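What follows is the residue order along each chain.
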Amino acid sequence: MANYNAYDGPHRDLRELLERAEAADELLRVDGVEWNLEMGTLTELIHHAGPNPPAILFDKVPGYPEGFRVVSGAGNSSKRLALTLGFPVPRTPMDVVRAYRDRMKTHAPISPETVDDGPVLQNVDRDDEVDLLKFPVPFLHERDGGRYIGTDDLVIMHDPEDDWVNVGTYRSMLHDRRTVGLWMSPGKQGRQIREKYFREGKPCPVLISCGHDPLLSLGGGNEVRFGLSEFAWAGGHRGRPVRTIRSERYGLPMPADSEIVLEGAMHPGDTKAEGPFGEFTGYYASEVSDEPVVRVERVYYRNDPILTMASPMRPPSDFSFSKCVMKSGMIWDEIEHAGLNDVQGVWCHEAGAARLFNVVSIRQAYGGHARQAALLAASCQSGSYLGRYVVVVDEDIDPTDLFEVLWAISTRSNPVDDIEILRQTWSGPLDPMLRPGERMNSRAIIDACRPFEWRDEFAPVARASPELRDEVREKYRAVLSRFEA
Ligand SMILES: Cc1cc2nc3c(=O)[nH]c(=O)nc-3n(C[C@H](O)[C@H](O)[C@H](O)COP(=O)(O)O)c2cc1C
């Protein structure tokens, strides 16, 4: 793999990041794939075939000009995440989680810089010129209600009361050449902002970036605290401001290096049927519902634009690994900022769609430490939405290893004492266990640590000591070479 530490500073945009990924043998180019079901299904096959799938760059999409491309999974591996965030080459996924948590100890947001020009202005379609079908928008899964132009998108909105700009990833379905529907789950910050406009009877202006630096996707697709713009969060990671341009119609900030940005407004009462859509939990969970639509008035795009795509599916998907690593790092950071000490690791398993089965490992320092860790992980901003299980394990258990975690649950928890249920917790229509109309679920926290009060008397683990293992390994190196890496 190329040594990308040799590159000079943060990448400029998606294109430069893809070049670096390709140099690191992390990019697959495929030509001639149909937008209708083939892109989604090929992505699924590649992601279900084995570990470490590459980013996939689709070009020469039938019916579209060469150069009008779609990329899937741009940041979805340890190495691509490290490239995106500017971390050293990781040996293991936990290295990325730890690097994120370490970064956040000194991370300071950097506000975006407003500039007058940038590649996104290379083409501007106005009003009647707007035609979203000029882009190779994928139809991802057989039962979907339509083509989705925004899956790995950034929905950019200004809070009219608190004067800040939120950036969130919310799916956007193509209704027709000039209209898209936005699906924002109850409680999401973008939805709260939209409600502020609608309560006043006002239209809600919005930008939707449909191709951009994966660093912005990491902010948009994860829960950054209310009031902190994801642009400033991303600037803090790059060590330099995100460059934004004021949009023509509503003066909203659009990333100057984005590939495609739509501008328009949602109007109170103006809705269309949205969905269904195969979702990240692995189900078509939510029903078709009437959702506000964006009437698109401008489309800004680069020459040879690249649409960024995230295809949700039964995990793993083309973004579930990145979600897992980011959630793990963000939860670790948040629970430490809440004052918790001796956290050894956090892992939000992809099998739980990186939200539903999260494991925290701690070195127990006092009675109640494990419950505190569990409660914080279950209710901090990054760990709250659509959670289900939080398991806390001792430091000798690798939280990324489901076998070890299940062994700890099986042998170090007594269900009557060690499982607590939280009720009325934040979920939403994508939770396959909710009936239509329900918005809240419950959560189990499982304390799978040795009981603190008698941990010193707890049965010793039946395993050779490290010294004995080393001694025998040395002596039988030839025999073991067949079994150990
Ligand atoms: C690829 C991807 C797609 C997502 N799609 C949606 C969606 O359609 N609707 C939604 O409410 N949340 C969706 N999310 C989750 C939100 O982006 C996430 O909760 C984010 O924190 C929302 O922004 P906010 O914190 O500003 O509300 C998605 C996340 C990712 C990574």
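The rules behind each value
Residues numbered from 1 in each chain as written. Predicted model: local features only at pLDDT ≥ 70, side-chain atom pairs only at ≥ 80, totals over all residues. Domains from an automatic or database assignment. Contact = placed C-beta atoms within 7 Å. Nonpolar A, V, L, I, M, F, W, Y, C, P; charged D, E, K, R; others polar. Near = placed C-beta within 6 Å. Helix = DSSP H or I, 4+ residues; strand = E, 2+ residues; numbered from the N terminus. Pairing = 2+ DSSP bridges. Axes fitted to C-alpha atoms, helices over the stretch in contact; angles between N-to-C directions. Expected span 1.5 Å × (residues − 1). Buried ≥ 20, exposed ≤ 12 C-beta atoms within 10 Å, placed from the backbone. Arc of directions from axis to C-beta.

1. A few points about the domain arrangement of the protein chain
Then comes step 1: The domain architecture assigned to the protein chain consists of domain 1 (1-318) and domain 2 (338-457).
Then comes step 2: Placing the centre of domain 1 and that of domain 2 at their C-alpha centroids yields a distance of 30 Å.
Then comes step 3: Facing 19 residues of domain 1, the contacting portion of domain 2 comprises 17 residues.
Then comes step 4: Residue composition of the side of domain 1 that touches domain 2, by class: nine nonpolar, six polar and four charged.

2. Observations regarding the site of the ligand
Then comes step 1: What surrounds the ligand is a group of 22 residues, the closest being G168, R171, S185, Q189 and G221.
Then comes step 2: Those elements that provide at least two residues to the shell around the ligand are β8 (165-168) and α5 (189-199).
Then comes step 3: Each residue belonging to the shell around the ligand can be placed in one class, and the counts come to seven nonpolar, 10 polar and five charged.

3. Let's talk about the pairing of strand β14 (residues 260-274)
Then comes step 1: Relative to β14, strand β11 (residues 204-211) is paired through seven bridges, and the arrangement is antiparallel. The residue of β14 that forms the bridge with S209 is V261.
Then comes step 2: When β14 meets strand β15 (residues 289-301), the two strands line up antiparallel, connected through 11 bridges. Paired with K272 across the two strands is E291, which belongs to β15.

4. Section: the sheet that holds strand β12 (residues 243-246)
Then comes step 1: Spatially, β4-β12-β13 is the arrangement adopted by the three strands of the open sheet, whose pairing is mixed. Two strands in the sheet have a free side with no partner beyond their single neighbour: β4 (113-114) and β13 (253-255).
Then comes step 2: Of the strand pairs in this sheet, β12 and β13 are connected by three bridges, and their pairing is antiparallel. Directly across from R246, in β13, lies its bridge partner P253.

5. Looking at the sheet that holds strand β19 (residues 389-394)
Then comes step 1: What the five strands build is an open sheet, ordered β17-β18-β19-β21-β20; its pairing is mixed. Each edge of the open sheet carries a strand with a single partner, namely β17 (343-348) and β20 (419-426). With strand direction ignored, the average angle separating the axes of adjacent strands in the sheet is 20°.
Then comes step 2: Sheet topology note: the β17/strand β18 (residues 357-362) ladder contains five bridges and is antiparallel. Residue pairing in the sheet places V343 in a bridge with I362 of β18.
Then comes step 3: The sheet contacts of helix α8 (residues 320-337) involve β17 and β18, and relative to β17 the element is tilted by about 140°.

6. Observations concerning the environment of D396
Then comes step 1: Counting through the fold element by element, D396 comes out in the loop between β19 and α11 (402-412).
Then comes step 2: With 53 residues separating them in the primary sequence, D396 and C449 have C-alpha atoms 9.9 Å apart.

7. Comments concerning helix α2 (residues 38-49)
Then comes step 1: When the terminal C-alpha atoms of α2 are compared, their 16 Å separation across 12 residues agrees well with the 16 Å that a helix rising 1.5 Å per residue should span.
Then comes step 2: Those residues of α2 lying buried are M39, G40, T43 and H47. For α2, the angular spread of the buried residues around the axis is 95°, confining them to a single face. Relative to its buried face, α2 has exposed residues pointing more than 90 degrees away, namely L45 and A49.
Then comes step 3: Contact partners of the buried residues in α2: β2 (55-59) and β3 (69-72).

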